[in-house]
Amino acid sequence: MIRRVLLVLAGLFLLAPIPALATPWVAVGVSAWNTGASGTVRDTSSALNTNVNLENDLHLGHHWNGGLHVTFDDPLPLLPDLRLSYDRILSSGSGITRQSFTFGGNVYNANGQIQSQALLRQGSVLLFWNPLDDSLVNWRFGFEARWIKLNVAASGQGVATAPGGGTQPYQVSGSAGGVVWLPLLDTGVTLHLPAGFEISGDAAFIHVGSSYLYDARAGLGYSFGPGLSASVGYRRLRVHLESSRISLNGTAEFSGVYAGLGWHF
């Protein structure tokens, strides 16, 4: 009897309709970011190196930089969605040094010409969920692993001791940098407005020991129709590193307006 009941229940289960899963989609986005660099860094490879200001000493300016991301939406609600992203942020400059300073083991003259460059490359893997997602608001949170490679270089007029005593000017160049991995918490909110507009904001952050990073942005988006959207806004990335594993310590900040295009299918 029990066997017959089990067979009947199994048959009913197999014949019952199975609810369809949400259709998975992939989103691809590209962005242009007008970044200005600021902050103070130092080369830790020598105790003689001093703090160097990225604006006043190295004269780093604003530059347009690019980034891209790919998002994979998982149809199962308990499994996270996946987002892969990459940014290349380059800032260069030239000018007259306001004071003498030491960087990369070299002494740079005050009132001397200098050329400089700061290059930040970062890639991230983000796993996130959407606890709230309806026609009015979307709230998401997740966990991110971010790879960061930061390098600062300078070339300009330095000083050296002359054979007969005293000093003489000469051209010097030096650089410092390194690679770090950081785990981050990530969260974001999108408000859906009428006529295809939306307001969004998101932030990723971590504080480990004396090092920290936060990456925040806020913007306005518009959907043109099936699959195509655009956005504009402001982004600020600040990283402070205090680590013996790399030769560049201190604070570097990149901030400015951005514009992006996205497609989902």
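In this text the structure is predicted, and so the values were computed from the model without any measurement. All residue numbers refer to positions counted from 1 along the written sequence of the respective chain. Given that this is a predicted model, residues contribute local features only at a pLDDT of at least 70 and side-chain atom pairs are listed and counted only at 80 or more, while totals for whole chains, interfaces and linings are drawn from all residues. Side-chain measures here rest on the full set of heavy atoms in the structure, leaving out hydrogens and waters.

Details of the pairing of strand E11 (residues 197-208)
Two strands pair under a simple rule: DSSP has to find at least two bridges between them. For helices the rule is a DSSP run of H or I covering at least 4 residues; for strands it is a run of E covering at least 2, with both sets numbered from the N terminus onward. Taken together, the 12 bridges between E11 and strand E12 (residues 211-225) define a ladder with antiparallel strand orientation. Each bridged residue has a counterpart across the sheet, and for glutamate 198 the counterpart in E12 is glycine 221. As consecutive antiparallel partners, E11 and E12 are separated by two residues, and within that stretch glycine 209 has a phi angle of approximately 60 degrees, a positive value.

Observations concerning the nonpolar core
Put simply, buried Ala, Val, Leu, Ile, Met, Phe, Trp, Tyr and Cys residues joined by side-chain atoms within 4.5 Å make one nonpolar core. Classification of residues uses two cut-offs on accessible area relative to the type maximum, computed with a 1.4 Å probe and protein chains only: under 20% is buried, over 50% is exposed, and between them is partly exposed. Counting residues in hydrophobic clusters, the biggest one holds 33 residues, and the most contacted among them are Leu58, Phe103 and Phe254. Counting residues per element, this core draws most heavily on strand E10 (residues 167-192), which supplies five residues. Any two residues whose heavy atoms approach within 4.5 Å are treated as being in contact. Discounting chain neighbours no more than four positions away, the residues touching leucine 58 are Val52, Asn53, Gly93, Ser94, Phe101, Ile114, Ser116, Val152 and Ala154.

Description of the confidence of the model for the protein
The pLDDT score gives, residue by residue, the confidence of the prediction method on a 0 to 100 scale. Residue-level pLDDT values for the protein average 87, and 87% of them are 70 or greater. The element-level mean pLDDT for the protein is lowest in helix H1 (residues 2-15), coming to 41, with strand E13 (residues 228-241) highest at 97. In the model, residues 5-21 has pLDDT below 50 throughout and makes two contacts with residues more than four positions away in sequence or in other chains.

Some thoughts on the environment of valine 208
Of note, valine 208 is situated in strand E11. With 33 residues separating them in the primary sequence, valine 208 and leucine 241 have C-alpha atoms 9.7 Å apart.

What to know about unusual backbone geometry
Here the phi dihedral of histidine 59 falls at roughly 60 degrees; this positive angle occurs in a residue that is not glycine. Summarising the element assignment, histidine 59 is placed in the loop between strand E3 (52-53) and strand E4 (62-72). Even without being glycine, asparagine 111 reaches a positive phi, approximately 65 degrees. Here asparagine 111 lies in the loop between strand E7 (106-108) and strand E8 (113-133). On the basis of relative accessible area, asparagine 111 is assigned to the exposed category, the value being 62%.

Things to note about the pattern of salt bridges
Salt-bridge detection follows one rule: a side-chain nitrogen of Lys or Arg within 4 Å of a carboxyl oxygen of Asp or Glu. Under the criterion given, the structure shown has eight salt bridges. With a closest N to O distance of 3.2 Å, arginine 235 and aspartate 87 form a salt bridge. In this pair, arginine 235 sits in strand E13 while aspartate 87 sits in strand E5 (residues 81-96), placing the two residues 148 residues apart along the sequence. What makes arginine 235 buried here is its relative accessible area of 4%. According to the relative accessible area criterion, aspartate 87 is buried, its value standing at 9%. Residue arginine 238 pairs with glutamate 253 through a salt bridge whose shortest N-O separation is 2.7 Å.

What to know about empty space enclosed by the protein
If a probe the size of a water molecule is rolled over the atoms, the empty space left behind becomes visible. Detection works on a 1 Å grid of protein atoms alone, calling trapped sets that fit a 1.4 Å probe cavities and calling open sets with protein on both sides within 12 Å along at least five of seven lines pockets, with lining residues defined by an atom within 4 Å of a point. Grid points are joined across faces, edges and corners, and a volume is the space filled by probe spheres set on the points. Following the criterion strictly, the structure yields two cavities of 30 Å³ or more and no others. Its volume calculated, the largest cavity comes out at about 40 Å³. Every residue along the wall of the largest cavity is listed here: Val41, Leu150, Val239, Leu241, Leu248, Asn249, Gly250, Thr251 and Ala252. Breaking the lining of the largest cavity down by element, the ones donating at least two residues are E13 and strand E14 (248-264). Tallying contributions element by element places E14 first for the lining of the largest cavity, with five residues. There is about 30 Å³ of room inside the second largest cavity. Taken together, Ile148, Leu150, Gly177, Gly178, Val180, Leu241, Ile246 and Leu248 form the lining of the second largest cavity. Of all the elements in the fold, those that place two or more residues in the lining of the second largest cavity are strand E9 (137-161) and E10. Taken together, the residues of the lining of the second largest cavity break down into six nonpolar, two polar and no charged. Ten residue types, Ala, Val, Leu, Ile, Met, Phe, Trp, Tyr, Cys and Pro, are classed as nonpolar, four, Asp, Glu, Lys and Arg, as charged, and the remainder, Gly among them, as polar.

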